[in-house]
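Overview (structure and organization)
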Amino acid sequence: MNAIATRSINRLINGALAIKPLANFAKDRARNMMIKRAESIGVYWLDEVAQLRSRGGDQPFNPVWEKEREEICDRNLTYPDYYLTSFHAYEEGNLGWEPALEESVAAKAVHARLWPEGDAQGDLRLRQSHLDVLLEKLPTPPETIVDIGCSTGLSTRALQRAYPQATTVGVDLSDYFLTVAQYQANAATDGLKTPQWIHAAAEKTGFADQSVDLVSASLLFHELPVSAALDVIHEGYRILRAGGHFTIMDMNPQSEVYKKMPGYVLTLLKSTEPYLDQYFALDLHQVLMDAGFAQPSQTINTSRHRVVIAQKPA
């Protein structure tokens, strides 16, 4: 398909998604597809979420969740406008219990088909593929790791597994996601150090200048408008020590999967990812270098994903 045809299709899709009833229909379809996919690989979405919601009790919602959220929440935090929108077919975006409690099962469903096995281990394989690149590319193990946009901590705990001696901190704008991250990390029996969790924006983490060895962003940048992406990159540069690294694992805009994706599937995808067009148009390597990083490396880790690593000059 040539560039003109692609742009025409994109305009049609974006025009359809600008009509709220059509956008809502697309979101419902996307959500139902994920739930069915999860069940097809033995992940019983509704049952797992119900168990997590009640935390093993017999009540529909365990009030301890809300108490723990209040403890982790920074009441002085101001949410950026771009964050106060619908993400992933949830009207409340990332600021609610439903998206937070469903994140782990959704990740299993979405990433199952990245690998030939097509099973519930796909998300773990995706995280490991990122770690494999880091373990190969980074010359020395980082002592301090900040995982920005950490969501419910799947990427944070993966980083902790790769670097068990490091101090690892997960940062996210959603106190709901962080509460789930904290609970699941505390409940884990893998013997790892428990990461720290901070309720903050990726573009304003609160860390001191030059205080971190590794800044990691897993599946974050496709959820950012360009202005926020640039701010996050500058924040990463600020908090990294000289010689430190910024790693980004995310969708690969050059993937043949996206280039050949049927229009209706692309419509469903865009209905859940409001800033996807901006991410696909962003020259990530160039903006990293514009921020002061050395020429980044890029490794294709799945048919749909890439790992970009940029070093802050010593």
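Residues numbered from 1 in each chain as written. Predicted model: local features only at pLDDT ≥ 70, side-chain atom pairs only at ≥ 80, totals over all residues. Heavy atoms only, no water.

- The name given to the protein chain in an unreviewed UniProt entry is Class I SAM-dependent methyltransferase, with Adonisia turfae CCMR0081 as the source organism.

1. Things to note about empty space enclosed by the protein
- Taken as a whole and judged by the stated rule, the model has 1 cavity of 30 Å³ or more.
- One number sums up the size of the largest cavity: a volume of about 40 Å³.
- Looking at the largest cavity, the residues that line it are R127, H130, L131, S155, A158, L159, S218 and M249.
- Elements with a minimum of two residues in the lining of the largest cavity: α6 (122–137) and α7 (154–162). (1 Å grid on protein atoms, 1.4 Å probe; cavity = no way out; pocket = protein on both sides within 12 Å on 5 of 7 lines; lining within 4 Å. Points joined across faces, edges and corners; volume = space filled by probe spheres on them. Helix = DSSP H or I, 4+ residues; strand = E, 2+ residues; numbered from the N terminus.)

2. Structural notes on the packing of aromatic side chains
- Scanning the model with the defined rule gives 14 aromatic pairs in all.
- Aromatic pair Y237 and F293: ring centres 5.1 Å apart, planes at 90°, arrangement edge-to-face. Separated by 56 residues along the polypeptide, Y237 in helix α9 (residues 226–239) and F293 in the loop between α13 (284–290) and β6 (297–300) bring together distant segments of the chain.
- Judged by relative accessible area, which is 4%, F293 ranks as buried.
- Here the aromatic rings of F246 and F293 are separated by 5.9 Å at their centres, their planes lie at 80°, and the arrangement is edge-to-face. With F246 in strand β5 (residues 240–251) and F293 in the loop between α13 and β6, the pair connects residues that are 47 residues apart, well separated along the chain.
- Classification of F246 by relative accessible area gives buried; the value is 1%. (Phe/Tyr/Trp six-rings, centres within 6.5 Å; stacked < 30°, edge-to-face > 60°. Buried < 20%, exposed > 50% of the residue type's maximum accessible area, 1.4 Å probe, protein only.)

3. Some points on the side chain of S54
- As for its placement among the helices and strands, S54 is situated in helix α3 (residues 45–54).
- Classification of S54 by relative accessible area gives buried; the value is 7%.
- The contact partners of S54, leaving out residues within four places of it in the chain, are Q59, P60 and N62. (Contact = heavy atoms within 4.5 Å.)

4. Here's the deal with the side chain of S104
- Checked against the element boundaries, S104 lands in helix α5 (residues 97–111).
- Judged by its relative accessible area of 16%, S104 is buried.
- When near neighbours in sequence (up to four residues on either side) are disregarded, S104 contacts T152, L154 and Q184.

5. Remarks on the nonpolar core
- Counting residues in hydrophobic clusters, the biggest one holds 42 residues, and the most contacted among them are I148, F221, F246 and L284.
- Of all elements in the fold, only β1 (144–148), β2 (167–172), β4 (212–218), α9, β5, α12 (276–281), α13 and β7 (305–311) reach the threshold of two or more residues within this core.
- Looking at this core, the element that brings in the most residues is α9, giving 5 residues.
- Other than its neighbours up to four places away in sequence, I148 contacts V171, A202, T205, V215, S216, A217, L220, V232 and F246.
- Counting residues in hydrophobic clusters, the runner-up holds 20 residues, among them I35, A38, L52 and L101. (Core = buried A, V, L, I, M, F, W, Y, C linked by side-chain atoms within 4.5 Å.)

6. Side note on the state of the cysteines
- Summed over all chains, the structure comprises 0 disulfides.
- This cysteine, C73, is not joined by any disulfide, and C150 carries the nearest cysteine sulfur, 14 Å off.
- Residue C73 is classed as buried on the basis of its relative accessible area of 14%.
- A relative accessible area of 2% means that C150 is categorised as buried. (Disulfide = S-S within 2.5 Å.)

7. Section: the pairing of strand β3 (residues 196–199)
- Burial along β3 is one-sided: W197 and H199 are buried, and none of Q196 and I198, which face the opposite way, are.
- In this sheet, β3 lies alongside β2 in parallel orientation, the contact comprising 4 bridges. Note that in β3 the partner of V169 across the bridge is Q196.
- Regarding the hand of the β-α-β motif, the stretch spanning β2, helix α8 (residues 175–187) and β3 is right-handed. (Pairing = 2+ DSSP bridges. Right-handed = clockwise from strand over helix to strand, strands pointing away.)

8. Re the packing of helix α4 (residues 64–72) against α8
- Direction vectors running N to C along α4 and α8 enclose 110°, while the axes themselves pass 9 Å from each other. Relative to α8, the element α4 is oriented roughly perpendicular. Listed contacts from α8 to W65, E68, R69 and I72 of α4 are D175, Y176, L178, T179, V180, Q182 and Y183.
- Looking at the contact of α4 with α8 residue by residue, the class counts come to 6 nonpolar, 2 polar and 3 charged. (Axes fitted to C-alpha atoms, helices over the stretch in contact; angles between N-to-C directions. Parallel < 35°, antiparallel > 145°, perpendicular 65-115°, else oblique. Nonpolar A, V, L, I, M, F, W, Y, C, P; charged D, E, K, R; others polar.)

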